[in-house]
Amino acid sequence: LKEFARCARDQARGPAEVALASQVMTDPQEASDLESSQLVDGAKRGANEYSVRVAVRARPLLRKELHERCRECVVVHPGDRRVDVGRTGFTFDYVYGAETSQERIHEETALPLLEGLGGGLNATLLAYGQTSSGKTHTLGSGNNTLVSEEQQGIIPRFAVSLFQDIVDPRKEEANITVRASFIELHNEDINDLLNPDLAAGDTSRGRGILIREDPVQGVITLGMKEVEVKKPSELLRCLDKGAVFRTTASTLMNDQSSRSHAIFTVTLEQRKHATGEVLSAKVRFADLAGSERVKKAGTAGDRFREGVSINQGLLALGNVISALGDAKLHRSHVPYRDSKLTRMLQDSLGGNSRTLMIACVSPADVHFSETLNTLQYANRAKNIKNKVTANISLKDAGIVQLQAKIEELRWELAQARQQRRGAPMPEPAAEDPGKAEAEAAALAAEADVKRLEEDLSTLRESHDRVVEENTELHSQLEEAQQGLREAR
């Protein structure tokens, strides 16, 4: 009640006086943005340290909140990149008020990540906040069929920019593959939203989807369906299809409340013609279910159990953020394994990804404590340092060189055969030295071709065998660790 009273006084004073009266103000941290080209070059040479970027968006008051005569307790200062909640102020990388357009948020937050995606750098956009704070609207992770172009969120705009700026201009120099996947975490079960057979109400859905850790790719999800797409409309069709099967329900705070954490992943793979190197990168759009209080949401039964599971996952996420971003704790252990949510986001927080957290808040004074809590977590996330490395695979470069050598020898063999057929028939007594040299060169070239084809086949078999053994060893390690945890 004291905080609400302070909020009311601050609203009466005005933003300028509030800033002067604030007693708790975090030190502004100017986040120096590296140019994407420099970051890609550095990531190719080795791991680059990248600070997690944080954006805050305050939505307008809802009709219900206006009817209940709620007052705004959040003051946004876009010029100073500052947000004031009561007497507490925070500084972030980006700050957006209720009047900010969807297009501006996309251009300032998502487009910089898109530039690095073409250089093999992973990216994550993470929407975090209280229920009904506007996370799904900001990301555009819902069904966009009836959404106007002006109100489209980040993902639909990102799909168009991906093909327009990355895929189409590079088709001449590389074979480019784009794949999409869409999963949700509902009551700690991972459901594949792009597989209708598993997402049509089957209670056993998601049991075949596993989380594994690969030494090269990091944390991966096995068993989910990936759909290859050729144009933006196909990518958005995957998004709309998955959004239909996502678990939602009505609560007192939100008529279309998301009851699960959803992650929409786009994988970009570029296989260059000249060098044979493979650039692969993933961008994850994580739409987290909002934290909620039982009294405010009015949940019971299944909705209550869903709320408990949501809050447990967000609690585990908050512990990971605190372990990584709070220097006072000095924690050597980061509790990624406390939840499947934190396992899936392990690369995004402290791993190999350029991450942007979008903290969505409600300005209503009745949600003062939830808004303050969200901003406190977002403020800690600013201190997280990720290790960004370009995902470049050179395992196919040797194969490409062998194939080029084979083609060169085949051309020489064809030339030798043509020369032999086109030469005049010599006298039996006299032996043509040119013909003998051509035949010898043809036989040598044919032998080299066969030898190189055998080496190429052996190399491929050896690579497949090593990959299979590596996957099996990691599966055994996961099972052993799970057994140790159960034994404890």
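Thresholds, definitions, all that
Residues numbered from 1 in each chain as written. Predicted model: local features only at pLDDT ≥ 70, side-chain atom pairs only at ≥ 80, totals over all residues. Heavy atoms only, no water. Helix = DSSP H or I, 4+ residues; strand = E, 2+ residues; numbered from the N terminus. Buried < 20%, exposed > 50% of the residue type's maximum accessible area, 1.4 Å probe, protein only. Axes fitted to C-alpha atoms, helices over the stretch in contact; angles between N-to-C directions. Parallel < 35°, antiparallel > 145°, perpendicular 65-115°, else oblique. Left-handed = near helix turned anticlockwise from the far one by under 90°. Contact = heavy atoms within 4.5 Å. Nonpolar A, V, L, I, M, F, W, Y, C, P; charged D, E, K, R; others polar. Patch = residues over 30% accessible without salt bridge, like charges linked within 9 Å, V, L, I, M, F, W, Y side chains within 5 Å. Areas by Shrake-Rupley, 256 points an atom, 1.4 Å probe, with all protein chains shown as cover. Salt bridge = Lys/Arg side-chain N within 4 Å of Asp/Glu carboxyl O. Polar contact = N/O pair within 3.5 Å; in protein donor to acceptor, adjacent residues only side chain to side chain. Lys, Arg positive; Asp, Glu negative; His and termini not counted. Charge placed at Lys NZ, Arg CZ, Asp CG, Glu CD. Pairing = 2+ DSSP bridges. Expected span 1.5 Å × (residues − 1).

1. Notes on unusual backbone geometry
Consideration 1: Not every positive phi belongs to a glycine, and arginine 69 is a case in point at roughly 60 degrees.
Consideration 2: Residue placement: arginine 69 occurs in the loop between helix H4 (63-67) and strand E4 (74-77).
Consideration 3: For glutamate 188, which is not a glycine, the phi torsion comes out positive at approximately 65 degrees.
Consideration 4: Topologically, glutamate 188 is positioned in the loop between strand E9 (174-186) and strand E10 (189-192).
Consideration 5: With relative accessibility at 28%, the residue glutamate 188 sits in the partly exposed group.

2. Let's talk about the packing of helix H5 (residues 102-117) against helix H7 (residues 154-167)
To characterise two packed helices, one gives the angle between the axes of the helices and the distance between these axes.
Consideration 1: Where H5 meets H7, the closest approach of the two axes is 10 Å, and the angle between their N-to-C directions is 45 degrees. As far as their axial angle goes, H7 and H5 are oblique. For the pair H5 and H7, the sense of crossing is right-handed. Residue-level contacts link Gln102, Glu103, Ile105, His106, Thr109, Ala110, Leu111, Leu114 and Leu117 of H5 to Ile154, Arg157, Phe158, Ser161, Leu162, Asp165 and Ile166 of H7.
Consideration 2: Here the contact of H5 with H7 is composed, by residue class, of nine nonpolar, four polar and three charged.

3. Some details on a nonpolar patch on the surface
Consideration 1: Taken together, the side chains of Val294, Phe304 and Val308 define a hydrophobic patch exposed on the protein surface, amounting to about 220 Å² of accessible area.
Consideration 2: The topology assignment puts valine 308 in helix H10 (residues 302-325).
Consideration 3: Judged by relative accessible area, which is 32%, valine 308 ranks as partly exposed.

4. Details of the side chain of serine 353
Consideration 1: Among the structural elements, serine 353 can be located in the loop between helix H11 (340-344) and strand E18 (354-361).
Consideration 2: A distance of 3.0 Å separates the side chain of serine 353 from the side chain of threonine 124, its partner in a polar contact.
Consideration 3: Within the local environment of serine 353, its side chain forms a polar contact with the side chain of threonine 355, the two groups lying 3.5 Å apart.

5. A closer look at a negative patch on the surface
Consideration 1: Together, Glu461, Asp464, Glu468, Glu469 and Glu472 make up a region of like negative charge exposed at the surface.
Consideration 2: The topology assignment puts glutamate 472 in helix H14 (residues 433-487).

6. Focus on the pairing of strand E11 (residues 210-214)
Consideration 1: Sheet analysis places E11 next to strand E12 (residues 218-222), joined by five bridges and oriented antiparallel. Considered in E12, the bridge of leucine 210 is made with leucine 222.
Consideration 2: Remark: three residues form the turn of the hairpin made by E11 and E12, two consecutive strands paired antiparallel.

7. A look at H7
Consideration 1: Its 14 residues place the ends of H7 18 Å apart at the C-alpha level, agreeing with the 20 Å of an ideal helix rising 1.5 Å per residue.
Consideration 2: Summarising burial for H7: eleven of the 14 residues are buried, a large majority.
Consideration 3: When H7 is considered as a whole, its buried residues turn out to be Ile154, Ile155, Pro156, Arg157, Phe158, Ala159, Ser161, Leu162, Phe163, Ile166 and Val167.

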